[in-house]
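Read off the chains here:
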Amino acid sequence: MSTARNASPLAQPGDPQADGGDEQLAALTELVVHSLCERNPGFREFLERNDGAQVTRLIADVLRAGRPLPATVRAVRLATATDLHLVAAALGDCLVSLPDEAPGLLIPGALAEGEEGRARLKGILRHRAAAVGHAVPPQDAAASVRAASRLLDLAARCDGPAAGVAFVDDHLSSLLLLQDESLTRTLIARRLRPLAGLSPERCARLEATLLAWLGGMGAPEVAKALSIHPQTVRYRMRQLEKLFGARLRDPRTRFEIELALRGRRLMAGAHRRRTAASRRPRPSRLRQPVPRP
C-alpha cells in the first residue's frame, strides 16, 4: 500500500475503502498539480496549451502505483501521426499527443541516453521523420517540446520529409543561432562588414581561414584542414588583420565574429538544402482508370 508523506495511506484498487481512497487520490493529485504550477510557471503554460486532464491522469496513475516520475523527460516530435500509438506501445512509458495536436510523445529522458538508447529509439522510429528533444526535468517538458518542434521544422524545410531521426543534443549551437534568424543576420552584417566589398570567391576563402583560426588552430593546422600551404594561411591572415584591425584582438568581438561566421555558414547550408529539396521530382500520382459506361 502506498503512503503519501504527511497524509493517510492511499487505498489501492480493489480495497474495500476504494471510494474513500479515490477521494484522497483526487485531493493529493490536485495538490501535486497546484504545487508544480506554483513552482514553475512553465508547467502551468504547458497545462494550458495541452490536455491538462491527461497530465492529471498521469500524475494520479503514478501516485496510485507508487511509481516515481522520471528524473528527466524528452519530447519526441513526428512529422506525421501515422502509427503513433504503435510507436507509443513499443516505447512503453510515455505520454501521447491528442488527435488535434501536433503528433508527438513525451518519454523518460533515459530512453535516449547513450549509444544503446539512441539505437533503440532510432529502431522504433525507423522510416519516420522525427526530432528528439533534450532531457529536462518533468516540469520543464514544454522547453523540450519547443526545441524538438523547431528542429523538426528546420529538418523538414532543409532536407525534405524523409530526413530520419534528429536529436536536439546534436544541434544545440545550430538551434541557438537559428532561433532568431533576424538577429543572426544582424550579427552577420555587423561583425562581417569588413568583408562586404570582396568578391564571393575571395570572401569565402578568407571566411574559411578566419573560422579555422578562431577555432584555435595555428597556421600548420589551418593549412591541413583547408588543404592549402601554411604560407597561404599566413598571407590570408595578414589580409584579415588589415581588414578587421584591432577587432581580432578583442576576445568578445572575436567570439561574435565566430558566431557570425558559423551563423552565415549554417544559413547558407540550409538555403542550399532547401533549394535542392525543392528541385527533387515529386512522386507522380497514378491516374485512376475511368470506368466505361
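Calculation rules
- Each chain carries its own residue numbering, running from 1 in the direction its sequence is written.
- pLDDT decides what is reported in this predicted model: residues at 70 or higher carry local features, side-chain atom pairs at 80 or more are listed and counted, and totals for whole chains, interfaces and linings draw on all residues regardless.
- Side-chain measures here rest on the full set of heavy atoms in the structure, leaving out hydrogens and waters.
- We count a stretch as a helix when DSSP gives it H or I for four or more residues in a row; a strand needs E for two or more, and each element gets its number in order from the N terminus.
- Between buried and exposed lies partly exposed: a residue is buried under 20% and exposed over 50% of the maximum accessible area for its type, with that area taken using a 1.4 Å probe on protein chains only.
- Each Phe, Tyr or Trp ring (for Trp, its six-membered ring) is paired with any other whose centre lies within 6.5 Å, and the angle between the two planes then decides the class: stacked below 30 degrees, edge-to-face above 60, tilted in between.
- As a reminder, the over-ring test applies to NZ of lysine and CZ of arginine, requiring each to be within 6 Å of the ring centre and within 35 degrees of the ring normal.
- Each pair of strands is called paired provided DSSP finds at least two bridges between the two strands.

A look at unusual backbone geometry
Non-glycine residue Asp83 carries a positive phi angle of around 55 degrees. Among the structural elements, Asp83 can be located in the loop between strand S1 (73-78) and helix H4 (84-91). Given the relative accessible area of 40%, Asp83 is considered partly exposed. The backbone of His127 shows a phi angle near 65 degrees, a positive value even though the residue is not glycine. Turning to its location among the elements, His127 is positioned in the loop between helix H5 (114-124) and strand S4 (130-132).

Structural notes on the packing of aromatic side chains
Here the structure, examined in full by the defined rule, presents zero aromatic pairs. The positively charged end of Arg118 is found above the aromatic ring belonging to Phe167, 4.2 Å away from the centroid.

Topic: the pairing of S1
Counting buried residues along S1, six of its six residues qualify, which places the element largely inside the surrounding structure. Burial along S1 is two-sided: the residues Val73, Ala75 and Arg77 and Arg74, Val76 and Leu78 are all buried. Bridge count between S1 and strand S3 (residues 104-108): five bridges; the pairing is antiparallel. Counted as the bridge partner of Val76 is Leu105 from S3. The pairing of S1 with S4 spans three bridges and is antiparallel. What sits directly across from Leu78, in S4, is Ala130.

Thoughts on the pairing of S3
Where burial is concerned, most of S3 is hidden: five out of the five residues are buried. Two strands pair when backbone bridges link them, and strand S2 (residues 95-96) and S3 are joined in this way by two bridges, in the antiparallel orientation. Residue pairing across strands places Leu95 opposite Leu106, the latter belonging to S3.

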